[in-house]
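One-letter residues, chain by chain:
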Amino acid sequence: MLMISADLFAQNVTIDGIFRPRYEYRHGFKTIFPKDAKAANFISQRSRLNLKFANDKFKVGFSVQNVGVWGETGTLRKSDVNGTMIYEAWGEFLFSKVFSFKAGRQEIIYDDHRIFGSVDWAQQGRSHDAAIFKIKPNENNKIDVGIAYNALSESLYKEDYMKSNYKTFQYVHWHGNFGKFGISALALNNGRPYQSFDSVSNNGFPAHFSEKVAFSRTVGPRLSFKNDLIQTNVAFYTQIGKRTVIGGSHFPGGDTTMNIAAFYFSIDFYYTIAKMFTIGAGLEYLSGNDEKEIADNNYIKETEKAFAPLYGTNHKFNGWMDYFYVGNHFNSVGLMDIYFPFKFKKDKISAMIIPHFFSTAGTLYRHEKDEDFNDLEALKEYSKGLGTEIDLVFGYAFSKAVAVKAGYSMMFATETMEVLKGTQKDKGNTWGWVMLIFKPTFYKSK
């Protein structure tokens, strides 16, 4: 219908999609592979259709997708397990060349994806219900002011928002280009809901719970430099405010909050040789808790010192086997990641190998384990070394719309990693995958 509408031919219209099946072999992905377990093998798939429309007054974006695993829906089923969902649905009003306002379901991506990212590796991706006021005073400066406010549904009275999600956030992001230098700054006020008791019954138990919101604040700059041969980036964020503690109240079922005092630092450097080879080195530090200090304080943690990267594309960082900050490792002992990427790219071929050397930022202090991984009475301060991960990836682009990628990763875990993950080492922790990528453009106006 869009293609046969004469009115649209004068506008900027694009209809495209992505079809992305991916085979994975998991033998130690996300955690140390347990003894006597068998590796997982499956094929997941993203099928996404995108529509974008723009003229000199407004823009609209709409995206629907289906995500699933081959075989989870039978051959004679009338409906899919996950069904079709709206991934993006937004409109942007263009007040002028300087000001615009964008609202609806949308991806939010800034800088290197560390705090806000699209999580494109996950077949479902990440999008937010948000409104963003955009200011572009010139070609070299951009300022975004974003807000989000979530509710369970339409209602006649207040309903508690008890989802594993933010209730609200507000942020300001600025990015400026100054020749070969780039500077960004982010200030994010993130509110997560929790349940707190309002009153106590005669028997001393909570009589009524209500929703409250704990706010954390993440603030910091990111600096970058790039020329034909060299690229380097430096970032630093502090995190203060409150975090929720599930069941932290003295009353059953009640939650409470804890002060946050955490920080993040990263630096990386890349050098390109003969336009084909890139070598680099990087360090990333996410602060964590000191378990020895907590144990000495009668196992009471008074302040949360673990930095949380929140809504970033965490699969991109700290090794692709997702041992850290991909649905795990939050509010823990933190992480230091030293890595050395080696990249090759020529014509349609690309390849990369990245060794990571992991260690804790805080101290891991737990009951000592015997050879069967049972707790012993004695407490032990474990070394900070967590292990080494090696990631390899290969890609070949048949065209701009068709490509294949494959990867293989190995984790060489230490005893400290065993204790942290709560499982014993197997003979090897490995993960392999092969992904086909089709990105057809069905229609594009001229």
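None of these values were measured; they are calculated from a predicted model.

1. Thoughts on the overall build of the chain
Counting secondary structure elements, the chain contains 2 helices and 23 strands. Relative to the compact-globule value of 22 Å for 446 residues, the chain shows a C-alpha radius of gyration of 24 Å, a close match. Expressed along its principal axes, the backbone C-alpha trace of the chain runs to roughly 75 × 60 × 60 Å. When each of the 446 residues of the chain is scored for burial, the buried share is 42%. If you take every contact in the chain between residues at least 6 apart in sequence, the share linking residues at least 24 apart comes to 61%. Accessible area of the chain: about 24,000 Å², with a carbon and sulfur share of 59%.

2. Regarding a nonpolar patch on the surface
Judged by side-chain polarity, Leu-229, Phe-269, Tyr-271, Ile-273, Phe-277, Ile-279, Phe-340, Phe-342, Ile-353, Phe-357, Leu-392 and Tyr-408 come together as a nonpolar surface patch covering roughly 990 Å² of accessible area. Top element by residues in the nonpolar patch is strand β12 (residues 256-273). It accounts for 3 residues. Counting through the fold element by element, Ile-279 comes out in strand β13 (residues 277-286). Accessibility expressed as a relative area gives 36% for Ile-279, which makes it partly exposed.

3. As for the packing of aromatic side chains
Per the counting criterion, the structure on display carries 29 aromatic pairs. Between the aromatic rings of Phe-169 and Tyr-311, the centroid separation amounts to 6.4 Å while the plane-to-plane angle is 40°, which identifies the pairing as tilted. Highlighted residues: Phe-169 in strand β8 (residues 168-178) and Tyr-311 in the loop between β14 (303-304) and β15 (335-339), separated in sequence by 142 residues. Overall, Phe-169 belongs to the buried group, its relative accessible area being 0%. Grouping aromatic residues by their ring pairs yields a cluster made of Tyr-110, Phe-116, Tyr-166, Phe-169, Tyr-171 and Tyr-311.

4. Looking at empty space enclosed by the protein
Enumeration according to the criterion identifies 1 cavity of 30 Å³ or more in this entry. Space inside the largest cavity adds up to approximately 40 Å³. Forming the boundary of the largest cavity are Tyr-110, Asp-111, Asp-112, Arg-114, Ile-115, Phe-116, His-173, Leu-186 and Tyr-237.

5. Some thoughts on the pattern of salt bridges
Counting across every chain of the model gives 18 salt bridges. One salt bridge in this structure joins Arg-26 and Glu-24, with 3.0 Å as the shortest N-O distance. You can call Glu-24 buried: its relative accessible area is 2%. The residue Glu-284 makes a salt bridge to Arg-114 at a minimum N-O spacing of 2.8 Å. Within this pair, whereas Glu-284 is found in strand β13, its partner Arg-114 is found in the loop between β5 (99-106) and β6 (128-138), the two being separated by 170 residues in sequence. In this pair, the class of Glu-284 matches that of Arg-114, namely buried. Residues joined by salt bridges that share partners form a network here, namely Lys-158, Asp-160, Lys-167 and Glu-211.

What counts and how
Residues numbered from 1 in each chain as written. Predicted model: local features only at pLDDT ≥ 70, side-chain atom pairs only at ≥ 80, totals over all residues. Heavy atoms only, no water. Helix = DSSP H or I, 4+ residues; strand = E, 2+ residues; numbered from the N terminus. Rg over C-alpha atoms; globule rule 2.2 N^0.38 Å. Buried < 20%, exposed > 50% of the residue type's maximum accessible area, 1.4 Å probe, protein only. Contact = heavy atoms within 4.5 Å. Areas by Shrake-Rupley, 256 points an atom, 1.4 Å probe, with all protein chains shown as cover. Patch = residues over 30% accessible without salt bridge, like charges linked within 9 Å, V, L, I, M, F, W, Y side chains within 5 Å. Salt bridge = Lys/Arg side-chain N within 4 Å of Asp/Glu carboxyl O. Phe/Tyr/Trp six-rings, centres within 6.5 Å; stacked < 30°, edge-to-face > 60°. 1 Å grid on protein atoms, 1.4 Å probe; cavity = no way out; pocket = protein on both sides within 12 Å on 5 of 7 lines; lining within 4 Å. Points joined across faces, edges and corners; volume = space filled by probe spheres on them.

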